[in-house]
Amino acid sequence: MSSRKIIKSKYFFEEDFVESLAEVPVEKTEAWASGAELKVVGKPTQRKDGYDKVSGSAQYTFDISLPKMAFAKTLRSPHPHARILNIDVSKAKKLPGVLEIITHQNTPKIPWYFGMSFLFDTTLRFEGDEVACVAAESEHIAEQALQLIRVEYEELPFTIEAGQAMSEAAPKIHDTNILRGRPDTYERGDIEKGFAEADVVLEETFTTQTAVHNTTEPHCSVVNWDGDRLTVWDSTQGIFSVRDGIADSLGIPASHVRVIKKYMGGGFGSKLAAGKYTVMAALLAKKIGRPVKIALDRKEMNLAVGNRPDSVQKLKIGAKKDGTLTAMVHESYGASGAYPSGAACSWPFRTIYQCPNLNTIDYSVYINAGPGRPMRAPGHVQGTFGMDSIIDDMAEKIGMDPLEFRLKNYAEIDQVGNAPYTSKRLHECYQQGAAAIGWYQKRRPAGSSPGKIKKGIGMASQIWWGGGGPPAYATLKLNRDGSATVIAGTQDLGTGTYTFIAQVAAEVLEIPLDNINVILGDTGVAPYGPSSGGSTTAPSISPAVRDAAEQMKTKLISGAAAILEVPERELSYRNAVISAITDSEKKLGISDVVRQMRERVLVTTGLRNANPEGYTINSFGAQFAEVEVDIDTGKIRLLKVVAAHDVGRILNPLTSDNQFHGGIIQGIGFALMEERIMDPMTGKTLTTNLHNYKVPTVMDTPTEIEVIIVSDSDPLISNTGVKGIGEPAHIPTAAAIANAVYNAIGVRMKSLPMTPDKILHALFG
Amino acid sequence: MTIELNFTINEKKITLKTEPNRRLLDILRQELNLTGTKEGCAIGECGACTVVMNGKAVNSCLVLAPQINGAEILTVEGLEKDQRLHFLQENFLKHGAVQCGFCTPGMLMSAYALLSKNPNPTEAEVKEAIAGNLCRCTGYKQIIDAILETEGDIK
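A. View of the sheet that holds strand 28 (residues 587-589) of chain A. Residue and element names in this part refer to chain A. One open sheet holds the three strands; their spatial order is 26-27-28, and the pairing between them is antiparallel. Every other strand in the sheet has two partners, leaving strand 26 (571-574) and strand 28 as the edge strands with one partner each. Across the sheet, the mean angle from the axis of one strand to that of its neighbour is 20°, orientation sign disregarded. Bridge count between strand 27 (residues 577-580) and strand 28: three bridges; the pairing is antiparallel. Directly across from valine 577, in strand 28, lies its bridge partner glycine 589. Sheet strands touched by helix 15 (residues 537-564): strand 26, strand 27 and strand 28. Its angle to strand 26, the strand with the most contacts, is close to 130°.

Structure (structure tokens):
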């Protein structure tokens, strides 16, 4: 058994750094070298979960059905801000088929939203806040019952716009409408001096909209009690986070809660924690003594389970005539919704371009709307739009090519942490991306495209964390026929986790992929794995899998040494056969070793190594967009998107391509159409279905998407050298499109989404 | 009140009694346990519940029980024959046209309806056929490629 130690581990996860004690191996397995000849890892590999998903046999949480299962629906506040004066459920309870109704009157006060509220609060702070939950024989009956619950509300004044909510006169949602009562700030250098050195100073305000995850599978859970033990099937990105959240809420030991998630239809950050719906279902199931399924409908999903906060970004930057940035200031505010959620968006602004004098201030503001949740690179998508727009403006103002301007201000080290990067190959992203889009051949001066359909090319940069870290475990079980099972406490969002885990194990043990089974998403059987967010799953789990497989290999060699009576150092492992180097007659297949050890199963548990000290881990990239803008209709059409990224080693190009295409298309949605719209008069959300909330269809996608991976590995991070992909793929798309639109029409679009009305308004006033 | 319905699902004749306000989607998922057909929005916007009914791709959330009397319905579970995936399904895997997989059954059925009528579709025709199927995580390129490769007589 390899030796282990406990360290303080710290890495970035979604909105902030997470710190925890973590068990790590004392010695890190050496990383596969850059350019190493690997047989399975890095090769396009069909998904392990492929058959289930194309045959229709894949069971999602939404498909789970148990004997005697009841169905729950939630009554939600129709008002943006109100107090409950009285609830009368007597009529609803009499409806045939209604089994139980819970409200604040008959449930314990379970703290929610970091202790700022309760599962059922008597003050409702957004349209969609939970009021009551009904269990019935069918979903239909539960819905009918909701209409029979009589609630007397005292309506309160509301505020739904962050700028207004910050004013003294605004209705207060909590003690103060500003998260933590103060902004997030960062500064370095001397900002006054920086602007004094500048030849050109630009100042501009950019805004981005609230976006909603709108996963294809609804948020849903099925819960079942066996006595005092609870099993929860949940559509979740974090089985352990849900387990702990439920155990805490119900006041039962974590060991009494088992959370299972096999397949899920998307998360994008909206399914990272235990939902109120799951706890409500558990309370109802306990009361009625039957399993309960609860599934949100599209309206509930658009009101109550997260969004990407909007932003107003006031930016000011200064540069010398030669293109050197001398000072940068970012001041922003954005709406957290009614409960804590970070709306800050200045992270990329602080780090990606070299600038010695820099200040940022970010206000996260409470409003009477559904609370935000991390959404695919929180802060970075909106921040990159503002930042890369004003950078483009500055390049033009001083007469430099925007790409040359970015190279001129290339940051060699992490300016915030004052540390070198484990790897940074952004300049290769710029060069290869530019070549693929035809930057130097096709790009014309802004607004010079002739005719009514104007063409343009633009680009933007990407920075994100996504290096992952410990603690993360994987258990490997080798059966006596030489087949293996890997069990890990992570979950596959559809991103290919099942597949890469099998690839890594197959690479090390040299056994066929088909002989490896992967079990994920079950707190009842798996060792701990972190939630799948922050583009950390592959970087955290793949090294643990490799560690488990390497330990198994060592164990097998040791077993063979004992059987063959040959010292371990004189044995070689090749194609799952262990043979004596000096005597090729002396050999054993790995299944022979297991059989002769008289064990039916051999087990090892691998760990994620500690991240290297003194380094910052980031992923990088550049995306380029080519667009057509019809100045008669204001409609933008995407011709081509090139995504060139430095994301360490690619484990499976087939599934990595999925991630990039999906991320880019979500970026197109954010750039052109997706927007939560609220009515200022009523405080209600108007975009609560997929007709009003526009998600890109195939008709909105570019003719061509080209993905270029400039990196082969980042061996300093881990034994697999992997950085995450999910968020990097999405971060710069909207900014690149905005810069392409500027290049096409010669008018700067300062507000997302760039809908036709905004384009026409910008062009013709 | 219940009504009796006679229809064919995946080449199997079915007779069942149900309530007239049930949707085809409910009959598939709850009464016949065919959960391959997904529900994403319930109002015909996302296409996750697409099945082929009398040769046409339909949103099964918008079809009421009485409308299926006498109909021939094909769901994703009916594509695989003799424990072999249909080559449309195999092409989805080959091209990596699947990610979370929640939209996949609907995509497959829209594609199947197109290819049954038009064995050699153009890319524009493929796009039109899946324009009502929302994918939120994979993108569409791989799906188009998979469908385009599945030309010829698909039955």
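B. Examining the domain arrangement of chain A more closely. Residue and element names in this part refer to chain A. Per the domain assignment, the segments making up chain A are domain 1 (4-30 + 468-607), domain 2 (69-156 + 214-304), domain 3 (167-197 + 320-403) and domain 4 (423-454 + 619-765). For domain 3 and domain 4, the distance between their C-alpha centroids amounts to 20 Å. The interface of domain 3 with domain 4 comprises 21 residues on the first partner and 31 residues on the second. Taking both sides of the interface into account, the surface hidden between domain 3 and domain 4 amounts to around 2100 Å²; carbon and sulfur atoms contribute 59%. On the domain 3 side of the contact with domain 4, Arg376, Phe385 and Leu403 bury the most area, a combined 37% of that side's loss. In this assembly, domain 3 and domain 4 are joined by one salt bridge.

C. Up close: the sheet that holds strand 4 (residues 56-59) of chain B. Residue and element names in this part refer to chain B. Read across the sheet, five strands follow the order 2-1-5-3-4 without closing on themselves; strand pairing throughout is mixed. One side of each edge strand has no neighbouring strand; the edge strands of this open sheet are strand 2 (12-18) and strand 4. For this sheet, the mean angle separating the axes of adjacent strands, direction not counted, is 40°. Summarising the sheet, strand 3 (residues 50-53) and strand 5 (residues 72-74) pair through two bridges and their orientation is antiparallel. What sits directly across from methionine 53, in strand 5, is isoleucine 73. Against the sheet, helix 1 (residues 24-31) makes contact with strand 1 (3-9), strand 2, strand 3 and strand 5, and its axis sits at roughly 100° relative to strand 2, the strand it touches most. Contacts between helix 3 (residues 104-117) and the sheet are confined to strand 3, strand 4 and strand 5, with strand 3 contributing the most and set at about 30° to the helix.

D. Seen up close, the domain arrangement of chain B. Residue and element names in this part refer to chain B. Its domain assignment divides chain B into domain 1 (3-78) and domain 2 (87-149). Its C-alpha centre places domain 1 at a distance of 20 Å from the equivalent point of domain 2. Taken together, the contact between domain 1 and domain 2 spans 16 residues of the former and 13 residues of the latter. Three residues, Lys38, Thr50 and Val76, lead the burial of domain 1 against domain 2; their summed loss comes to 35% of the area buried on that side. For the pair domain 1 and domain 2, the interface holds zero salt bridges. Linking domain 1 with domain 2 are four residue pairs in polar contact (both at pLDDT 80 or more), by the criterion used here. Looking at the side of domain 1 that touches domain 2, the elements with two or more residues in it are strand 3 and strand 4. In terms of residue count, strand 3 provides more of the side of domain 1 that touches domain 2 than any other element does, three residues in total. Residue composition of the side of domain 1 that touches domain 2, by class: seven nonpolar, five polar and four charged.

E. Focus on the interface of chain A and chain B. If you look at the interface, chain A gives 48 residues, while chain B gives 43 residues. Where chain A abuts chain B, roughly 3700 Å² becomes buried across the two surfaces, and 58% of that area is made up of carbon and sulfur atoms. Of all residues in chain A, Val54(A), Thr216(A) and Val698(A) bury the most surface against chain B, accounting for 19% of the area lost on that side. Between chain A and chain B we count three salt bridges in total. The partner of Glu674(A) in a salt bridge is Arg136(B), with the nearest N and O atoms 2.6 Å apart. There are 21 residue pairs in polar contact (both at pLDDT 80 or more) connecting chain A and chain B. Sorting the residues of the side of chain A that touches chain B by element identifies helix 1 (50-55) and helix 17 (653-672) of chain A as the ones contributing at least two each. Among the elements that take part in the side of chain A that touches chain B, helix 17 of chain A stands out by supplying eight residues, more than any other.

Rules of the game
- Residues numbered from 1 in each chain as written.
- Chains lettered and ligands numbered in written order.
- Predicted model: local features only at pLDDT ≥ 70, side-chain atom pairs only at ≥ 80, totals over all residues.
- Heavy atoms only, no water.
- Pairing = 2+ DSSP bridges.
- Helix = DSSP H or I, 4+ residues; strand = E, 2+ residues; numbered from the N terminus.
- Axes fitted to C-alpha atoms, helices over the stretch in contact; angles between N-to-C directions.
- Contact = heavy atoms within 4.5 Å.
- Domains from an automatic or database assignment.
- Buried area = accessible area lost by both parts, 1.4 Å probe.
- Salt bridge = Lys/Arg side-chain N within 4 Å of Asp/Glu carboxyl O.
- Polar contact = N/O pair within 3.5 Å; in protein donor to acceptor, adjacent residues only side chain to side chain.
- Nonpolar A, V, L, I, M, F, W, Y, C, P; charged D, E, K, R; others polar.

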